Amino acid sequence: MAERPPDPSAEGYDPRADRDAPRVEEPAPGVSHHEPIGLRERLSLNRMGTFDWDLDGGRMALDPGAMEVFDLRPGEYDGAPMSLISRVPPEEGLRLDAALSQALQDGNSSYGAYFRVQCRDGTRRWTHSQGRILHDAQGVAYRIIGIVREATSELADSALLRSLQQERQRQTVMVQQTTAALARALSVKDVTRVLTGAGSARRFGADALVLGLVANDRFEVIAAAGLDGEVPADMTHSQLDDTLPLSEAVHSRRPSFLSTRGELIARYPRLRPYVDVLPTGSAAFLPLIAQDTVLGALGLFNHEPAVHSPEARNLALALAGVVAQSLQRATLFDQEREFATGLQAAMLPRRLPPIAGGEVTVRYHPASVGRDVGGDWYDVIALPQGRTGLVVGDVQGHDTHAAAVMGQLRIALRAYASEGHAPETVLVRASRFLAELETERFATCTYVQADLESGTLHLARAGHLGPLICNASRHIDWPDIDGGLPLGLATAFGQDHFPETQLFLEPGSTLLLCTDGLVEQPGQDITAGIDALSAAVRAGPAALDALADRLSDHLWAEPGSDDDMALLLLHRSAIPGEAATPRMRRHVHQADPAGTAEVRSALRRTLDQWRAGEVTHDVEVAASELIANALTHTESGALVSVELLPGSPRRVRLEVEDRSSQWPRRRRPGETATSGRGLLLVEALADRWGAEPRGSGKALWCEFVLPDAPNGSGA
């Protein structure tokens, strides 16, 4: 049982009892054991003095103890407070004056302040002044009586406490910063990026660090920062033994702390050939343990030798625990992500069918960050009569459920398309299929039925991004494609109608379908992404695979999109021996009242690329009249073609084809007639016009001479 400490109130109390105090040389040897000591001597022995300040007379008396505190000799002080300026620097005088002024203003009876005195040898020491303010009958201060004393030792203890507090605060900040940085790291790659980024080693209170993981009962170094060179190749993989510090930390599950590089080399001779790579100072090797599993080890190095204090060791172990937890979480994330992306990849087609008259290529990338996988997909389907079905879609959400729904929807849509149904029918059935699944997810989709022999494209769109067409002259067009609501939602709202649009892919042209992950970036408008995609296709390589790689690398992978991406490119081969002619073709359905306006819009975009200038208006008017004639006087739709003819002068040829064999008849309407002026307008606007038979029908054509291209450039 421990002895009780002496009771100060007990008779005969001696503070020296039971204490092994050291022998100290007495700085005041003139004081005997039993000599009575007066008040001033007592104050002087405690390096303390008194002052008496007459505020009315402006004089301050200092006793010998106070003179000693101020390091003043007899004759160096004349009793005026301002003469103390030789010992009290101006900034310290302001500190004293502020404390006294505040006490007088508040009506206090005392004040106190710490300040520094500059000794005659130039050094400064801390001093404390405590004064009692005396007031007269009217409450006016007239006299201050107080003491001054040396406070260097006192504040030295306080400084030590502040230093310890600052060190604790620094350690707390280090843990907080490390935890915050690692909290955003999802994968093992993210964790290593945090540990090797700018200032990463300093976040651990070190100058360099090395991180390694256990893999297949071996130790593998995966990251390093702050070293003078690369980790030697024969040190990146090692057995789990005691010949290297990191592998020993894993093997023994115990940390080790070494003070110098020499101590490190002596303990691990295998490191001797690589002494130039290692910092010269202290080192710590910490096992990374999470849920009783050793994941790896972390090595921390410093340039300066040091003995690790208990606080430093505890800090290092705490940081190692944070890293271990992050690595465990990241490892589980990588496993889950690998499973999810594998599941999604297994649901996408592994082989693409051969395509006569062209080629197709696809790209798919999961999101570059985050755990989630998306529901983006593509498909290429061999159809009856040599046609090809092309699909790009996106199921709502970014999780394994979205991937599972995507797999089911892809299979269903492929089945409907393989039966030879029109694009609208395919999307209607796919929407109803999705609505009947036990899911609340919807999907966007674009389906194209392509006939590369004729170049005809039949498209239907369900809330998805429309296609891009790049012709042989690298002109880019985003044709207007009517669309419906997303699959699933369309059926739920009773609006499962997806209008079909007919386009033509000319020889040498390329069709691009993609999901929004290729054109959307956080914080940017989608139009900026669409413009960037157009520019990238226009300036991209001619080879289809190279173009797909370029789009994937520069538009998706380089900025690090948060979304997944599916991309499909279809190229129609050029006809051998035939020069590629810039051309646009559109089909206007008989019952489509908006078709003419859409053709005029497409004409404006095309003619603007060809620099048609003021002729654009004439071509639009002629096209409108010829389309109206075809829709009014025949029972079929109209096929509109416009092409830029070779040769000089530059000419645009407009053709409107229908399936009626009845030849057009030019009429001469009266002044009050409401129709019959279409061909008259065409004749007035065009330089040439005519009609010619076309298989089961006829075509009306007209030509317009274009102004010379600026600077002699072609279209």
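Everything numeric in this text was worked out from a predicted model, so none of it was measured.

Definitions and limits used
- Residues numbered from 1 in each chain as written.
- Predicted model: local features only at pLDDT ≥ 70, side-chain atom pairs only at ≥ 80, totals over all residues.
- Heavy atoms only, no water.
- Helix = DSSP H or I, 4+ residues; strand = E, 2+ residues; numbered from the N terminus.
- Buried < 20%, exposed > 50% of the residue type's maximum accessible area, 1.4 Å probe, protein only.
- Contact = heavy atoms within 4.5 Å.
- Areas by Shrake-Rupley, 256 points an atom, 1.4 Å probe, with all protein chains shown as cover.
- Pairing = 2+ DSSP bridges.
- Axes fitted to C-alpha atoms, helices over the stretch in contact; angles between N-to-C directions.
- Core = buried A, V, L, I, M, F, W, Y, C linked by side-chain atoms within 4.5 Å.
- Salt bridge = Lys/Arg side-chain N within 4 Å of Asp/Glu carboxyl O.
- 1 Å grid on protein atoms, 1.4 Å probe; cavity = no way out; pocket = protein on both sides within 12 Å on 5 of 7 lines; lining within 4 Å.
- Points joined across faces, edges and corners; volume = space filled by probe spheres on them.
- Nonpolar A, V, L, I, M, F, W, Y, C, P; charged D, E, K, R; others polar.
- Polar contact = N/O pair within 3.5 Å; in protein donor to acceptor, adjacent residues only side chain to side chain.
- Parallel < 35°, antiparallel > 145°, perpendicular 65-115°, else oblique.
- Left-handed = near helix turned anticlockwise from the far one by under 90°.

**Q** Looking at this structure, how should I read the overall build of the protein chain?
**A** The helix and strand tally for the protein chain stands at 18 helices and 27 strands. When the 715 residues of the protein chain are sorted by exposure, 45% land in the buried category. Within the protein chain, contacts between residues at least 6 apart in sequence are counted, and of these 62% link residues at least 24 apart. Carbon together with sulfur atoms contributes 51% to the accessible area of the protein chain, which is approximately 37200 Å² in total.

**Q** I keep staring at the sheet that holds strand β12 (residues 358-365) and nothing clicks. Help me out?
**A** Strands pair in a sheet through their backbones, by hydrogen bonds, and they do so in one of two ways: parallel or antiparallel. With antiparallel pairing, the five strands of this open sheet are ordered in space as β12-β22-β21-β17-β18. Lying at the two open borders of the sheet, with one neighbouring strand each, are β12 and β18 (476-477). Pairing of β12 with strand β22 (residues 565-572) involves eight bridges; the strand directions are antiparallel. Considered in β22, the bridge of Val-360 is made with Leu-570. Where helix α14 (residues 526-539) meets the sheet, it contacts β17 (468-470), β18 and β21 (510-514), and its direction lies at approximately 25° from that of β17.

**Q** What am I meant to see in the nonpolar core here?
**A** A general feature of soluble globular proteins is that nonpolar side chains tend to end up buried together. The biggest cluster of nonpolar side chains holds 51 residues, and the ones touching the most others in it are Leu-390, Leu-427, Leu-487, Leu-511 and Leu-570. Here this core gets eight residues from one element, more than from any other, and that element is helix α11 (residues 400-418). When sequence neighbours within four positions are dropped, the list of residues in contact with Leu-427 reads Leu-413, Cys-445, Tyr-447, Ala-460, Arg-461, Ala-462, Leu-487 and Phe-498. Ala-225, Ala-284, Leu-295 and Ala-320 belong to the second largest nonpolar core, which has 33 residues in total.

**Q** Explanation requested: the pattern of salt bridges in the structure shown.
**A** Charged atoms that come close allow side chains of opposite charge to pair. Per the stated rule, a full pass over the model turns up 29 salt bridges. For Glu-703, the salt bridge goes to Arg-651, with nearest N and O atoms at 2.7 Å. Here Arg-651 lies in strand β25 (residues 651-658) and Glu-703 lies in strand β27 (residues 697-705), a separation of 52 residues in the sequence. According to the relative accessible area criterion, Glu-703 is buried, its value standing at 5%. Residue Arg-651 is classed as partly exposed on the basis of its relative accessible area of 25%. Across the pair Arg-653 and Glu-703 runs a salt bridge, and its minimum N-O distance is 2.9 Å.

**Q** Is there a simple way to explain empty space enclosed by the protein in this structure?
**A** To find leftover empty space, a probe the size of one water molecule is rolled over the atoms. In the structure shown here, the tally under the stated rule is three cavities of 30 Å³ or more. The space that makes up the largest cavity amounts to roughly 260 Å³. As for the largest cavity, its lining consists of 18 residues, of which Val-210, Val-231, Met-235, Leu-246 and Leu-271 are closest to the centre. Every element with two or more residues in the lining of the largest cavity is listed here: β7 (218-225) and α8 (245-252). With three residues, the single largest contributor to the lining of the largest cavity is α8. Here the lining of the largest cavity is built from residues that sort into 16 nonpolar, two polar and no charged. In this structure, the second largest cavity encloses a volume near 190 Å³. Ile-469, Asn-471, Asp-477, Arg-583 and Met-584 are, among the 16 residues lining the second largest cavity, the residues nearest its centre. Counting residues per element, the ones that place at least two in the lining of the second largest cavity are β17, β18, β23 (583-588) and α16 (595-609). Broken down by element, the lining of the second largest cavity gets its largest block of residues, four residues, from β23.

**Q** Looking at this model, I keep getting lost on α8. Mind explaining?
**A** Counting along an α-helix, one turn takes 3.6 residues, and residues three or four places apart therefore face a common direction. The buried count for α8 comes to six of eight residues, which makes it a mostly enclosed element. Buried within α8 are the following residues: Pro-245, Leu-246, Ser-247, Glu-248, Ala-249 and Val-250. Looking at the buried side of α8, the elements it contacts are β6 (208-215), β7, β8 (237-239), α9 (261-267), β10 (283-290) and β11 (293-301). Following α8 by one or two positions, Arg-253 adopts a phi angle in the positive range, close to 65°.

**Q** Got a minute to help me understand unusual backbone geometry in this structure?
**A** With the exception of glycine, the majority of residues adopt a negative phi angle, and the majority of peptide bonds are in the trans configuration. Cis geometry marks the peptide bond from Ser-648 to Pro-649; its omega dihedral reads 0°. If you trace the backbone, Pro-649 turns up in the loop between β24 (638-645) and β25. Even without a glycine there, the phi angle at Asp-292 is positive, about 65°.

**Q** Explanation requested: the environment of Thr-456 in the structure shown.
**A** For Thr-456, the position within the fold is in strand β16 (residues 456-462). Sequence-wise, Thr-456 and Phe-504 are 48 residues apart; in three dimensions their C-alpha atoms are separated by 4.6 Å. Thr-456 has contacts with Gln-449, Ala-450, Asp-451, Gln-502, Leu-503 and Phe-504, leaving out every residue within four places of it along the chain. Here Ser-454 takes part through its side chain, which lies 2.9 Å from a polar atom of the side chain of Thr-456.

**Q** So what exactly am I meant to see when it comes to the packing of α16 against helix α17 (residues 615-633) here?
**A** How two helices sit against one another is set out by the angle between their axes and by the gap between those axes. Interhelical geometry of α16 versus α17 gives an angle of 150° and a closest axis separation of 10 Å. In terms of axis orientation, α16 runs roughly antiparallel to α17. When the axes of α16 and α17 are compared, the crossing they make is right-handed. Along its contact with α16, which presents Thr-596, Val-599, Arg-600, Leu-603, Arg-604 and Leu-607, the element α17 presents Thr-616, Val-619, Glu-620, Ala-623, Ser-624, Ile-627 and Leu-631. When its residues are assigned to classes, the contact of α16 with α17 shows seven nonpolar, three polar and three charged.

**Q** Explain the packing of α17 against helix α18 (residues 678-685) here, please?
**A** Packing of α17 against α18 brings their axes to within 9 Å, and their N-to-C directions diverge by 155°. What the angle tells us is that α17 and α18 run roughly antiparallel. In terms of crossing hand, the pair formed by α17 and α18 is left-handed. Counting all contacts with α17, which are made through Asp-618, Val-621, Ala-622, Glu-625, Leu-626 and Asn-629, the residues of α18 involved are Gly-678, Leu-679, Leu-681, Val-682 and Leu-685. Per-class residue counts for the contact of α17 with α18 are seven nonpolar, two polar and two charged.

**Q** What am I meant to see in the sheet that holds strand β1 (residues 48-54) here?
**A** Within the open sheet, the five strands sit side by side as β2-β1-β5-β4-β3. Their pairing is antiparallel. With partners counted over all chains shown, the strands left at the sheet margins are β2 (59-62) and β3 (110-118), one partner each. Ignoring strand direction, the axes of neighbouring strands in this sheet form an average angle of 25°. With seven bridges joining them, β1 and strand β5 (residues 141-150) adopt antiparallel strand pairing. Among the inter-strand pairings, Trp-53 is bridged to a residue of β5, identified as Ile-144. Sheet strands touched by helix α3 (residues 90-106): β1, β3, β4 (124-135) and β5. Its angle to β3, the strand with the most contacts, is close to 175°.

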